[in-house]
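This is what each chain is made of:
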Amino acid sequence: MAVGIFDSGLGGLTVYDAVSASLPDVPIVYYGDNLHAPYGVRDAQDVFELTDKAVKHLWENGCNLVILACNTASAAALRRMQEAGVPRGKRVLGVFVPLIEALTERQWGDNSPPREVSVKNVALFATPATVASRAFQRELAFRAIGVDVEAQACGGVVDAIEDGDMILAEALVRSHVDALTRKMPNADAAILGCTHYPLMEPIFQAALGDSVKVYSQANLVAASLVDYLKRHPEMIGEGTESQFLTTGNVATVSNNATQFLRRRIEFTAA
Ligand code: DGL
């Protein structure tokens with residue numbers, strides 16, 4: 001058995017990379033639904049069905065725990081999947097909560113009532129579907145009061161990254177930061193609310209300026225997973241095989257993944 005990491009495409013590799021560095025002995029099965037990426041322009045029902053199918057595939061193939069390393073899937077599918085009930089011994093977790101716990105200076109899993117926190121003006125960059133869901137604002141409201149959130153739906157960025165067109169991705173990031181800054185000139189923190197965006201983090205930081213603290217999910221999700229597996233070691237299982245699975249074109253996805261992680265990554269068909 002192993003830990004499963006799911007994303008619509010390549011973005012979850014940012015989470016994979018951080019998790020594998022923090023937990024080098026834990027086998028990881030990565031599943032990219034590249035055939036159907038981007039999810040961010042799909043409706044909630046569509047995202048739910050695609051996510052549900054991929055997570056079930058990972059559960060059936062030896063993963064007890066699946067991380068939705070995708071904000072769009074976490075926003076549209078996680079709660080629905082958990083409410084529908086997961087098979088005995090299986091779990092599915094998302095990526096919002098670790099990020100919001102870090103933003104609101106909480107220990108992992110601290111469920112005490114909402115309170116005042118030091119950040120006041122938060123810029124949220126995410127896919128159109130994640131922004132429309134308002135899932136980030138809902139989770140934040142459980143933990144913090146008095147925080148103003150301005151969201152920017154970053155159309156086009158995921159498509160450009162999936163196509164390996166980093167020049168277009170960079171231009172789009174700059175224009176989305178510009179649009180957000182016009183709506184909220186005094187942000188003190190920025191959330192990269194899509195797991196593809198850490199690949200563009202230096203561009204976000206440069207465009208936002210040094211006074212804005214940028215929160216990116218990969219390391220936060222890895223740290224909370226280390227903590228979770230310490231408390232639930234049975235979720236690791238005994239398997240030793242790490243794999244990269246994709247629904248897309250194996251050669252193209254492997255090449256783009258290799259470019260992003262700067263080491264050879266070989267995907268096989270899901
Ligand atoms: N990387 C994903 C996310 O975190 C999905 C992007 C997409 O497929 O649109 O939202």
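### Section: unusual backbone geometry
Here is step 1 of the chain: Cis geometry is adopted by the peptide bond preceding Pro38, which originates at Ala37 and carries an omega value of 0°.
Here is step 2 of the chain: The phi dihedral of Arg262 falls on the positive side, at around 55°, and the residue is not glycine.
Here is step 3 of the chain: Its place among the elements puts Arg262 in the loop between α11 (250-261) and β12 (268-269).

### Things to note about the sheet that holds strand β9 (residues 189-192)
Here is step 1 of the chain: If you trace the four strands from one edge of the open sheet to the other, you get β8-β6-β9-β10, paired in parallel fashion. Edge strands, defined here as strands with exactly one partner in the open sheet, are β8 (148-153) and β10 (213-216). Averaged over neighbouring strand pairs, the angle between their axes works out to 20° when direction is ignored.
Here is step 2 of the chain: Pairing of β9 with β10 involves four bridges; the strand directions are parallel. What sits directly across from Leu192, in β10, is Ser216.
Here is step 3 of the chain: Most of the contacts of helix α9 (residues 201-208) go to β10, to which it runs at about 155°, and overall it touches β6 (121-126), β9 and β10.

### Here we look at the side chain of Asp7
Here is step 1 of the chain: Relative to the assigned elements, Asp7 resides in strand β1 (residues 2-7).
Here is step 2 of the chain: Despite its burial, Asp7 pairs with no opposite charge, the nearest such side chain being Arg42 at 11 Å.
Here is step 3 of the chain: Among the polar contacts made by the side chain of Asp7, one reaches the main-chain amide nitrogen of Gly11 at a distance of 3.0 Å.
Here is step 4 of the chain: Excluding residues within four positions of it along the chain, Asp7 makes contact with Gly12, Tyr30, Tyr31, Gly32, Asp33, Ala69, Cys70, Thr195 and His196.

### Quick look at the sheet that holds strand β3 (residues 63-68)
Here is step 1 of the chain: In space, the six strands of this open sheet follow the order β4-β3-β1-β2-β11-β12, with parallel pairing throughout. Either end of the sheet is taken by a strand with one partner, and the two such strands are β4 (91-93) and β12.
Here is step 2 of the chain: Here four bridges tie strand β2 (residues 28-32) to strand β11 (residues 243-246), and the two strands are oriented parallel to one another. Its bridge partner being in β11, Tyr30 is matched across the sheet by Phe244.
Here is step 3 of the chain: Packed onto the sheet, helix α2 (residues 44-60) meets β1, β2, β3, β4 and β11 and runs at close to 150° relative to β3.

### Concerning the packing of helix α8 (residues 166-183) against α9
Here is step 1 of the chain: Relative orientation of the contacting elements α8 and α9 amounts to 35°, with a least axis distance of 9 Å. The handedness of the crossing between α8 and α9 is right-handed. Mapping the contact onto sequence places Glu170, Val173, Arg174 and Val177 in α8 and Ile203, Phe204, Ala207 and Leu208 in α9.

Reading the values: rules and limits
Residues numbered from 1 in each chain as written. Predicted model: local features only at pLDDT ≥ 70, side-chain atom pairs only at ≥ 80, totals over all residues. Heavy atoms only, no water. Helix = DSSP H or I, 4+ residues; strand = E, 2+ residues; numbered from the N terminus. Pairing = 2+ DSSP bridges. Axes fitted to C-alpha atoms, helices over the stretch in contact; angles between N-to-C directions. Contact = heavy atoms within 4.5 Å. Buried < 20%, exposed > 50% of the residue type's maximum accessible area, 1.4 Å probe, protein only. Lys, Arg positive; Asp, Glu negative; His and termini not counted. Salt bridge = Lys/Arg side-chain N within 4 Å of Asp/Glu carboxyl O. Polar contact = N/O pair within 3.5 Å; in protein donor to acceptor, adjacent residues only side chain to side chain. Left-handed = near helix turned anticlockwise from the far one by under 90°.

Scope: geometric values only; no functional claims are made or implied.
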